Amino acid sequence: MPIFEYECGKCGRLFEELVMSAAQKVACPSCGSADIEKLISRIAKKCSGCASSGSSSCGPT
Ligand SMILES: [Zn+2]
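Residues numbered from 1 in each chain as written. Predicted model: local features only at pLDDT ≥ 70, side-chain atom pairs only at ≥ 80, totals over all residues. Heavy atoms only, no water.

1. Concerning the nonpolar core
If you look at soluble globular proteins, the nonpolar side chains tend to sit buried side by side.
No. 1: Core analysis: the largest hydrophobic core is formed by 6 residues, namely Tyr6, Cys8, Phe15, Val19, Val26 and Cys28.
No. 2: Aside from chain neighbours lying at most four places away, what touches Val26 is Tyr6, Phe15, Glu17, Ala34 and Ile36. (Core = buried A, V, L, I, M, F, W, Y, C linked by side-chain atoms within 4.5 Å. Buried < 20%, exposed > 50% of the residue type's maximum accessible area, 1.4 Å probe, protein only. Contact = heavy atoms within 4.5 Å.)

If you want it as structure tokens, here you go:
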């Protein structure tokens, strides 16, 4: 499942959110603001499939 990292534009908090669908609303867990920015997830880069295949991305191709 895709986990994305977000930064709150209001309080600056970094958090990770499991996103089930593109329409999912994500809000800051600290201040509740919807003014957030999606970052590149560090978790996604560490998947075991990438490491063994040498690919820079994972998932079905
Ligand atoms: Zn916030």
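2. Structural notes on a nonpolar patch on the surface
No. 1: A surface patch of nonpolar side chains, amounting to about 430 Å² of accessible area, comprises Met1, Ile3, Leu18 and Met20.
No. 2: Of note, Leu18 is situated in strand 2 (residues 14-18). (Patch = residues over 30% accessible without salt bridge, like charges linked within 9 Å, V, L, I, M, F, W, Y side chains within 5 Å. Areas by Shrake-Rupley, 256 points an atom, 1.4 Å probe, with all protein chains shown as cover. Salt bridge = Lys/Arg side-chain N within 4 Å of Asp/Glu carboxyl O. Helix = DSSP H or I, 4+ residues; strand = E, 2+ residues; numbered from the N terminus.)

3. Observations concerning the pairing of strand 1 (residues 3-8)
No. 1: Sheet topology places strand 1 next to strand 2; 5 bridges connect them, and they run antiparallel. Bridge assignment links Glu5 to a residue of strand 2, and that residue is Glu16.
No. 2: Taking the residues that link successive antiparallel strands as the turn, the strand 1-strand 2 hairpin has 5 residues, and the phi of Gly12 there is positive, at about 85°. (Pairing = 2+ DSSP bridges.)

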